[in-house]
Amino acid sequence: MSCGLVASNLNLKPGMSLRVRGEVAPDAKSFVLNLGKDSDNLCLHFNPRFEAHGDCNTIVCNSKEGGAWGAEQREPAFPFQPGSEVEVFISFDQPHLTIKLPDQHTFNFPNRLNLEVISYMAADGDFKIKCLAFE
Ligand code: GAL
């Protein structure tokens, strides 16, 4: 299904972070950042939904294991606007990932798969990546 940027062999270890800057399309409905082992095993599916799957201005996060989705986690904050440039900062720690959004909103998502390394990343949807950094 993914047709945006896909990266493999990332070797992102606990203590490391990923910084993603990009442009949200003016008519954005949704975009996705997936992190994990491969497309069927994701420790983080980060999905801001402007208007998609019945959600309006809601961030939906989930995990996927062996191709099966886990339980969704919804965030109260939605600091995204169509037609703007945004930066998302994701740090990987063994027990959880910490996601820093624009406007200083921060939340955790548990590393349900207990991955020791993130090797796969995929971006999809109404978001154009301008800059990607591993820190
Ligand atoms: C589904 C959606 C998937 C994914 C998943 C997350 O409804 O089709 O793309 O976002 O929710 O739980």
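Notes on the structure follow. From a predicted model like this one, the values you see are computed outputs, not experimental measurements. (Residues numbered from 1 in each chain as written. Predicted model: local features only at pLDDT ≥ 70, side-chain atom pairs only at ≥ 80, totals over all residues. Heavy atoms only, no water.)

Bringing a nonpolar patch on the surface into the picture now. A grouping of Leu 5, Leu 132 and Phe 134 is seen on the molecular surface, where their side chains present a nonpolar patch of about 230 Å² in accessible area. Secondary-structure assignment places Leu 132 in strand β12 (residues 127-134). (Patch = residues over 30% accessible without salt bridge, like charges linked within 9 Å, V, L, I, M, F, W, Y side chains within 5 Å. Areas by Shrake-Rupley, 256 points an atom, 1.4 Å probe, with all protein chains shown as cover. Salt bridge = Lys/Arg side-chain N within 4 Å of Asp/Glu carboxyl O. Helix = DSSP H or I, 4+ residues; strand = E, 2+ residues; numbered from the N terminus.)

This part takes up the sheet that holds strand β9 (residues 96-100). Ordered in space as β10-β9-β8-β2-β12, the five strands form an open sheet in which the pairing is antiparallel. Here the strands that pair on one side only, and so sit at the sheet edges, are β10 (106-110) and β12. Strand-to-strand, the axes of this sheet are offset by a mean angle of 20°, without reference to chain direction. (Pairing = 2+ DSSP bridges. Axes fitted to C-alpha atoms, helices over the stretch in contact; angles between N-to-C directions.)

Close to the ligand lie His 45, Asn 47, Arg 49, His 53, Asn 62, Trp 69 and Glu 72, which account for all nearby residues. Between the ligand and Arg 49 there is a distance of 2.8 Å, counted from an oxygen atom to a side-chain nitrogen or oxygen. Asn 62 places a polar side-chain atom, nitrogen or oxygen, 2.8 Å from an oxygen atom of the ligand. The fraction of the free accessible surface of the ligand (310 Å²) that becomes covered by protein chains is 72%. With three residues, strand β4 (residues 41-52) is the largest single contributor of residues to the shell around the ligand. Split by residue class, the shell around the ligand holds one nonpolar, four polar and two charged. (Near = heavy atom within 4 Å. Polar contact = N/O pair within 3.5 Å; in protein donor to acceptor, adjacent residues only side chain to side chain. Nonpolar A, V, L, I, M, F, W, Y, C, P; charged D, E, K, R; others polar.)

Time to look at the pairing of β9. Pairing geometry for strand β8 (residues 85-92) and β9, over four bridges, is antiparallel. Bridge assignment links Ile 90 to a residue of β9, and that residue is Ile 99. Between β8 and β9, which pair antiparallel and follow one another directly, the connecting turn spans three residues. Direction of pairing for β9 relative to β10: antiparallel, over a ladder of five bridges. Paired with His 96 across the strands is Pro 110, a residue of β10. Linkage of β9 to β10, two consecutive antiparallel strands, is achieved through a turn of five residues, within which Asp 103 is found at a positive phi near 65°.

So, about the nonpolar core. Within the largest apolar cluster, 33 residues are counted, with the highest numbers of intra-cluster contacts made by Leu 35, Leu 44, Phe 46, Ile 59, Phe 80, Leu 97 and Ile 99. Put simply, the parts of the chain that give this core at least two residues each are β2 (17-24), β3 (31-38), β4, β5 (55-65), β8, β9, β10 and β11 (120-125). Apart from the residues within four sequence positions on either side, Ile 99 is in contact with Leu 44, Phe 46, Val 88, Phe 89, Ile 90, His 105, Thr 106, Phe 107 and Phe 109. (Core = buried A, V, L, I, M, F, W, Y, C linked by side-chain atoms within 4.5 Å. Buried < 20%, exposed > 50% of the residue type's maximum accessible area, 1.4 Å probe, protein only. Contact = heavy atoms within 4.5 Å.)

Now for the pattern of salt bridges. This model, assessed by the stated rule, comprises seven salt bridges. In this structure, Asp 55 engages Arg 49 in a salt bridge whose closest nitrogen and oxygen atoms are separated by 2.7 Å. When the shortest N-O distance is used, the salt bridge between Arg 74 and Glu 72 registers 2.6 Å. Judged by its relative accessible area of 44%, Glu 72 is partly exposed. Each of Arg 49, Asp 55, Glu 72 and Arg 74 takes part in one network of salt bridges that share partners.

According to the stated counting rule, one finds seven aromatic pairs in the structure shown. Plain terms: the ring middles of Phe 31 and Phe 50 are 6.4 Å apart, the flat faces sit at 35° to each other, and that makes the pair tilted. Of this pair, Phe 31 sits in strand β3 while Phe 50 sits in strand β4, and the two are 19 residues apart along the sequence. The class for Phe 31 is buried, based on a relative accessible area of 0%. (Phe/Tyr/Trp six-rings, centres within 6.5 Å; stacked < 30°, edge-to-face > 60°.)

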